[in-house]
Amino acid sequence: MPMTNAETAYQHPLMQAYWAQLDTRFKQVEDVFEDVMAEALAILTREDIHHYLDAARVIGKLGRGVEPLLVFLEEWPSVAKAIGDEAALPEVMAFVMKMQKSPNGKAITPFLQTLAPVARRLHSRELMGHYLEIALDMMERTTGSIHGHHTTFPSPGLPDFFTQAPFLLSQLSLAGLKNWVEYGIRNYRTHPERQKDYFTVQSADSRAVLQRERHGTLFMDVERKLDLYLRGLWRESEQLVPYSTAFDELRKPVPYFDKLGMRIPDVYDDAGQISGLDRYRATLAHMVGHRRWTEAQIADNWSPFQRMAVEFFEDCRVETLLCREYPGLRRIFLALHPKPAADACDPETTSCLRHRMAMLSRALLDPDHGYRDADLLDFVARFHALMAEGTSSTKDIAALALSYVAKTRRQSDQLAKIHFADTVVDYRDDNRQMWKFIEEGDEEEAFDAKRKLEPGEELKGLPPRHYPEWDYKSLTYRPDWVSVYEALHPKGNPADIDRLLEKHGALAKRLKRILDLLKPQDKIRIRYQEEGSELDLDVAIRSLIDFKGGANPDPRINMSHRTDGRNIAVMLLLDLSESLNEKASGSEQTILELSQEAVSLLAWAVEQLGDPFAIAGFHSNTRHDVRYLHIKGYGERWGDEPKGRLAAMQAGWSTRMGAAMRHAGHYLEARKADKKLMLILTDGQPSDVDTHDEQLLIEDTRQAVKELDRDGIFTYCISLDPKADEYVSGIFGRQYTVIDNIQRLPEKLPELFLALTK
Amino acid sequence: MTDKEQYKIHTEPYYQAQGKEVQLYEAAYRNRLPVMVKGPTGCGKSRFVEYMAWKLNKPLITVACNEDMTASDLVGRYLLEANGTRWLDGPLTVAARIGAICYLDEIVEARQDTTVVIHPLTDHRRTLPLDKKGELIHAHPDFQLVISYNPGYQSLMKDLKQSTKQRFTAFDFDYPDATLETTILAKETGLDEATAGKLVKIGQTARNLKGHGLDEGISTRLLVYAATLIKDGVEPMDACRMALVRPITDDADIRETLDHAIDATFA
């Protein structure tokens, strides 16, 4: 509907001027303009109003409809109020214009829409500037061509990011937000759908990273301390199960315990002077108190009010008992317990029951509560009198609670408007264990679904093991990035392997001679023996000097020897990727066949030496599916079973080496051996179809080598890739051999092993 | 002849019986049965033996065993002298000659082949052959052998042979219960019972953690140290940290838990 400035008749000349300055024809704006301006005038200075309207005019003329303009007009005053006088208008406008010029114009509305809540979180112009930087960085890096198209695409995640921003900032510090965004950009830049999932906080790793970056004390960081706390101070060894508070904004879950364990939040912020850890301790102590001293009561005959009062009294009873045990707990309880002001609730208009109970609860715990209400003081005295006799009981304390409810009842308790402020004691559990219902009620429900397996349904196969992967760009691990599935390798015909061994009969004979030399013969010297096989000259001379000098000589001047066994645990890890099916150059055999020959010879040789030895193969099809196939276990002899598996060896898929090495490493780590050796036989560089950055898996493997080295495992790579020199030393340092003439692999591999372990 | 008096204990060591061990020990001594005292470190094993020696008015020869110790260190050896050699009795031999109680402390620390030399002394023979010297000592009628041993080590290498174990009667010691331990602390150091009780409570916190990162709980001995420090005017919380927590663990989580227990107890 066409409209001109002249047609809009504002009473006040000033308002008229403002309307003229805004210069817009949107009917929807006109409808609300006066109200919006009223708010703006109350907050902004005259000069700011000027800038505000200028900016609004620009936004109105972006050609994106009325939405952005309306949103801006409505939101900006609150932004200014949150950030202060010098609200970051120029920066914001500059950012809006950048979005307008890029294909991301659609994100302007969500950006403006959440600007006010974001501002309320950030509180300062400086932080707002950082927020804009993060958003700009994200926009620039996620906008662009996808899969070689020549048009530019808008950033898929940007609008969602803005929508989520207030929530994100309620969970994360700005630094955390930056890391979270960074992770999303890095991993999903080229994948629009996943990127959207990530920035809407729907995908699992989005939540995982969010969790990692959250502020406060994370449960997983202090789990052991809490476990020790329960065990040491309270002699409890209950399972602790964290629940997330991050995704349930409406109804905050409350701690509770049941047969399956104690449920506690996955993160606690510091509350004033009380650290997150102490809040956990308070929560656990409170639950321990209930477990020790609370008997379940039959709830059917009591009204919800009565039950609430009983719960408050019982909570105080167990806390009093806890403080008897450890007086220091009182300080923590009191610091966490709200202290409602005596006159905070108006009994004429509001239901004050909660308020009364919270005050009473405070007074029961805090000797210096300062309340003057006669009933309250009376019941505090009665409570203490009851407690003075011993531990009292849930039943007695319930009786006291009921009489308190009866004594202080007010008509207004029934009102729908309930006074909640300062009445929630957040370290207390929901007391679900305190009540028995004779009739099935629907009041107490668990907020997490049961995870019990239905009878008859069994877990198939082994559950996947998750391993992190190293991201060399950010120098961080991507948590639980790779899933490794392990299984026994299918069986084939063991006679094939025996035939291979026969074929290399001559070589085997040669090896046998070397092996005999290697048989255990290390000698260890034992010194300071009174009787031994040889004279230990050093000690003998020292004794003689002592003797000549008139001192008492040490008679233990001999030494003896004892032979020490070889103690090496070996793990041979075979790369079973697709490229193994290629023919080796200058040979009729595939690399796979040659590897089989080599491995069987090596296995035979190691069996002769008696070293514990395991063989496993691996290949991968994206990070979600890394297969780890056992060919020979440490407990098995080199007999028909492992030979059969080796004979059936097949190649396929890709080479995600790091995860396989970590998995193999965890087996080696469990071995009790002085030396641990992991041999990796591969024909190419680490790679996988879902990883575009070649360097990434190479760096990850290098990191895996470092990890293994730290755990005392020596890794050694035997590469069959003639071009391996380019990367293999980067990964394995000097611990590798490149075998150019693959045909000679069967003789090289055992020789190499023997040389390594000599 | 060696001076018997020097091995006697003249003043009564403070020992608080936990059960019937004093009477039982007396019975064992009347019949000269060898005694083994088992229990965690610092629970009062050595104090008990000392106390019994005082009570029975017998000399006590204590040998702290270590893994470098050989049979000669127990039995004796020839020493070289300017004009020949001289035999010197080892502590075990001395005890057998003069009729003392020979107490081999932490016997598992000694190598297993060393321990075997005590065998002939511990059965009906009650003799000690000195093969190098060509002498067979018949033990003095008052002689008794006592060994102590901490089964908490849980190491394959540090365990007694069955053939050694089965030559002894045994007392199984543990840390005393809370009231008794409180009394012990108060008696031993003169600390007031209330503070002593708090110390004991912290001690028990640590004992609950045994096997979860702690090899041994806080011993009575350490509690006595803490009590001594407090008695000397050290702040209780500092004394506890210094005497109870820092010595037993380097594990940050456990340290923090115990520190919290101290704060919670002494608030």
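### Observations concerning the overall build of chain A
Along the backbone of chain A there are 28 helices and 18 strands. Among the 758 residues that make up chain A, the fraction classed as buried is 38%. For chain A, restricting intrachain contacts to residue pairs at least 6 apart in sequence, the fraction spanning at least 24 positions comes to 71%.

### Observations concerning the packing of helix H10 (residues 220–231) of chain B against helix H11 (residues 236–245) of chain B
All names here are of chain B. Between H10 and H11, whose axes approach to 9 Å, the crossing angle comes to 145 degrees. For the pair H10 and H11, the crossing hand works out as right-handed. Within the contact between the two elements, H10 uses Leu222, Tyr225, Ala226, Leu229 and Ile230 and H11 uses Pro236, Ala239, Cys240, Met242, Ala243 and Leu244. Counted by class, the contact of H10 with H11 contains 11 nonpolar, no polar and no charged residues.

### What about the interface of chain B and chain A?
Listed by partner, the interface residues are 23 residues for chain B and 21 residues for chain A. For the side of chain B that touches chain A, the elements supplying multiple residues, two or more each, are strand S3 (76–81), helix H9 (193–208) and helix H12 (252–266) of chain B. With 10 residues, the single largest contributor to the side of chain B that touches chain A is H12 of chain B. Across the side of chain B that touches chain A, the residue classes tally to nine nonpolar, nine polar and five charged.

### Section: unusual backbone geometry
Residues and elements named next belong to chain A. Unlike most non-glycine residues, asparagine 431 shows phi in positive territory, near 60 degrees. Checked against the element boundaries, asparagine 431 lands in the loop between helix H19 (394–408) and strand S7 (435–436). With phi around 60 degrees, tryptophan 653 is a residue other than glycine that occupies positive phi space. Note that tryptophan 653 resides in the loop between helix H24 (640–647) and helix H25 (657–669). Residue tryptophan 653 is classed as partly exposed on the basis of its 18 C-beta neighbours within 10 Å.

### Details of the sheet that holds strand S15 (residues 626–632) of chain A
Residue and element names in this part refer to chain A. The eight strands are arranged S8-S9-S15-S14-S13-S16-S17-S18 in an open sheet whose pairing can be described as mixed. Each of the sheet's edge strands pairs with one partner strand only, and the pair in question is strand S8 (465–471) and strand S18 (736–738). Within this sheet the neighbouring strands show an average axis-to-axis angle of 25 degrees, counted without direction. In this structure, S8 lies alongside strand S9 (residues 476–488), joined through six bridges in antiparallel fashion. Looking across to S9, one finds that glutamate 469 is bridged to arginine 478. Contacts between helix H23 (residues 591–609) and the sheet are confined to strand S13 (568–575), strand S14 (613–620), S15 and strand S16 (675–682), with S13 contributing the most and set at about 170 degrees to the helix.

### Some remarks on the environment of leucine 122 of chain A
All names here are of chain A. Relative to the elements of secondary structure, leucine 122 occurs in helix H7 (residues 115–122). Spatially, the C-alpha atom of leucine 122 lies 7.7 Å from that of isoleucine 83, the residues being 39 residues apart in sequence. Excluding its chain neighbours within four sequence positions, the residues that come into contact with leucine 122 are Leu127, Met128, Tyr131 and Leu169.

### Re helix H9 (residues 158–171) of chain A
Residues and elements named next belong to chain A. For H9, which comprises 14 residues, the first-to-last C-alpha distance of 19 Å matches the rise-based estimate of 20 Å (1.5 Å per residue) to within 8%. At alanine 165, H9 shows its maximal kink, close to 55 degrees; a proline, proline 166, follows between one and four residues later. Burial within H9 is extensive, with 10 of its 14 residues counted as buried. Those residues of H9 that sit buried are Leu158, Pro159, Asp160, Phe161, Phe162, Gln164, Ala165, Leu168, Leu169 and Gln171.

### Some details on the packing of H9 of chain B against H10 of chain B
All names here are of chain B. Running from N to C, H9 and H10 cross one another at 145 degrees; their axes reach a closest spacing of 10 Å. Once H9 is placed against H10, the crossing between them reads as right-handed. Counting all contacts with H9, which are made through Thr195, Ala196, Leu199, Val200 and Gly203, the residues of H10 involved are Leu223, Ala226, Ala227 and Ile230. Residues that form the contact of H9 with H10 fall into these classes: seven nonpolar, two polar and no charged.

### A word on the confidence of the model for chain A
All names here are of chain A. Per-chain confidence: chain A averages 82 in pLDDT, with 91% of residues scoring 70 or above. With pLDDT under 50 throughout, residues 1–7 is counted as low confidence; its partners more than four residues away or in other chains account for six contacts. Low confidence marks residues 443–460, where pLDDT is under 50. Its contacts with residues over four positions away, or in another chain, come to three contacts.

### Remarks on the sheet that holds strand S3 (residues 256–258) of chain A
Residue and element names in this part refer to chain A. Read from one edge to the other, the open sheet built from three strands follows the order S2-S4-S3, with strand pairing classed as mixed. Only two strands of the sheet have a single neighbouring strand rather than two, namely strand S2 (240–243) and S3. Pairwise comparison of adjacent strand axes, ignoring direction, gives a mean angle of 25 degrees for this sheet.

### Some remarks on the nonpolar core
Residue and element names in this part refer to chain A. Judged by nonpolar contacts, the single largest core of 68 residues is most densely connected at Leu572, Leu573, Leu602, Met678 and Leu679. Examining the composition of this core, we find that 10 residues originate from one element, H23, more than from any other. Beyond its immediate stretch of four places on either side in the chain, leucine 679 contacts Val570, Leu572, Leu573, Tyr716, Ile718 and Phe753.

### A closer look at the pairing of strand S6 (residues 127–130) of chain B
Residue and element names in this part refer to chain B. As defined by bridge partners, S6 adjoins strand S7 (residues 135–138) across four bridges and the pair is classed as antiparallel. The partner of threonine 127 across the bridge, within S7, is histidine 138. Between S6 and the antiparallel strand that follows it, S7, lie four residues; glycine 134 among them carries a positive phi value of about 70 degrees.

### Some thoughts on the environment of methionine 559 of chain A
Residues and elements named next belong to chain A. The residue methionine 559 is located in strand S12 (residues 558–564) in this model. The partly exposed category is assigned to methionine 559, around which 19 C-beta atoms lie within 10 Å. When the C-alpha positions of methionine 559 and glutamate 531 are compared, they lie 7.4 Å apart, and in sequence the two are 28 residues distant. Ignoring anything within four residues of it in the chain, the contact list for methionine 559 reads Arg525, Ile526, Arg527, Gln529, Gly532, Glu534 and Asp536.

### Considerations on helix H8 (residues 178–189) of chain B
All names here are of chain B. Its 12 residues place the ends of H8 16 Å apart at the C-alpha level, agreeing with the 16 Å of an ideal helix rising 1.5 Å per residue. Among the residues of H8, those classed as buried are Glu181, Thr182, Ile184, Leu185, Glu188 and Thr189. In a view along the axis of H8, the buried residues occupy a sector of 160 degrees, so they form one face of it. Where H8 is buried, its residues contact H9 and H10. Where H8 ends, the next residue or the one after it, glycine 190, has phi of about 80 degrees, a positive value.

### What to know about the environment of methionine 15 of chain A
Within the secondary structure layout, methionine 15 of chain A lies in helix H1 (residues 13–22). C-alpha of methionine 15 of chain A to C-alpha of methionine 37 of chain A: the two residues are 22 residues apart in sequence and 8.3 Å apart in space.

The rules we used
- Residues numbered from 1 in each chain as written.
- Chains lettered and ligands numbered in written order.
- Predicted model: local features only at pLDDT ≥ 70, side-chain atom pairs only at ≥ 80, totals over all residues.
- Helix = DSSP H or I, 4+ residues; strand = E, 2+ residues; numbered from the N terminus.
- Buried ≥ 20, exposed ≤ 12 C-beta atoms within 10 Å, placed from the backbone.
- Contact = placed C-beta atoms within 7 Å.
- Axes fitted to C-alpha atoms, helices over the stretch in contact; angles between N-to-C directions.
- Left-handed = near helix turned anticlockwise from the far one by under 90°.
- Nonpolar A, V, L, I, M, F, W, Y, C, P; charged D, E, K, R; others polar.
- Pairing = 2+ DSSP bridges.
- Expected span 1.5 Å × (residues − 1).
- Bend = angle between axes of the 7 residues up to and from the residue.
- pLDDT = per-residue confidence, 0-100.
- Core = buried A, V, L, I, M, F, W, Y, C linked by C-beta atoms within 7 Å.
- Arc of directions from axis to C-beta.

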